[in-house]
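# Reading the structure
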Amino acid sequence: MEKFSPDLKCFNLRTWDLFVVQCYMSREISKRLQFSKSRNLGRSSKVQEFTWALQTGFNTNLRYHKALANIVAWEATKKSSSETKLRKAEEKLEKQKAALVERMKNEIATIHKKAEEKKAMVEARRGEEILKVEESGAKYHAAGQVPKKFLFCFSA
């Protein structure tokens, strides 16, 4: 069985259980010593010193473990509140990210739609120009003439 030492680096249930057992035993010993003190008045100073030392050690250990338990509880509450804030911030950022992604997708879709419309307009204009050229070419062919603006170097 482990002995309780006040300079523990960590606090766990096993050490707390050992501490409680030691405290109970030290109280029982101090009660018996006080009873024997009342029966044997000749040894009262030694018994009193021993009882005082035992009680002081008990109180010191009890204060230490209470303070340690308070610190552990404080740390747990602060950690949980910080983790909650972190989760809320992450959720908020995820919502903002989702909204931004949706907006960018809509913008990309709008750009693609406008590009398709512009492509259709350019193709329609090209078709009109080709049709116009074919008509004027057929007209000149029927008349047997060469266009005047055909090539500047060949025009007279």
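This text follows the structure it describes.
Parameters and conventions
- Residues numbered from 1 in each chain as written.
- Predicted model: local features only at pLDDT ≥ 70, side-chain atom pairs only at ≥ 80, totals over all residues.
- Heavy atoms only, no water.
- Helix = DSSP H or I, 4+ residues; strand = E, 2+ residues; numbered from the N terminus.
- Buried < 20%, exposed > 50% of the residue type's maximum accessible area, 1.4 Å probe, protein only.
- Contact = heavy atoms within 4.5 Å.
- Salt bridge = Lys/Arg side-chain N within 4 Å of Asp/Glu carboxyl O.

Summing up its helical and strand segments, the protein chain has 2 helices and 0 strands in all. Buried positions account for 8% of the 156 residues belonging to the protein chain. Considering only contacts within the protein chain whose residues lie at least 6 apart along the sequence, 50% involve residues at least 24 apart.

Turning our attention to the pattern of salt bridges. With the rule as written, the count across this model stands at 2 salt bridges. The salt bridge partner of K79 is E75, with a shortest N-O separation of 3.4 Å. Separated by 4 residues within a single helix, K79 and E75 lie in helix α2 (residues 44-143), roughly one turn from each other. What makes K79 partly exposed here is its relative accessible area of 47%. With a relative accessible area of 36%, E75 lands in the partly exposed category. Notably, a salt bridge pairs K119 with E116, separated by 3.9 Å at the nearest N-O pair. Of this pair, K119 and E116 both sit in helix α2, separated by 3 residues, roughly a single helical turn.

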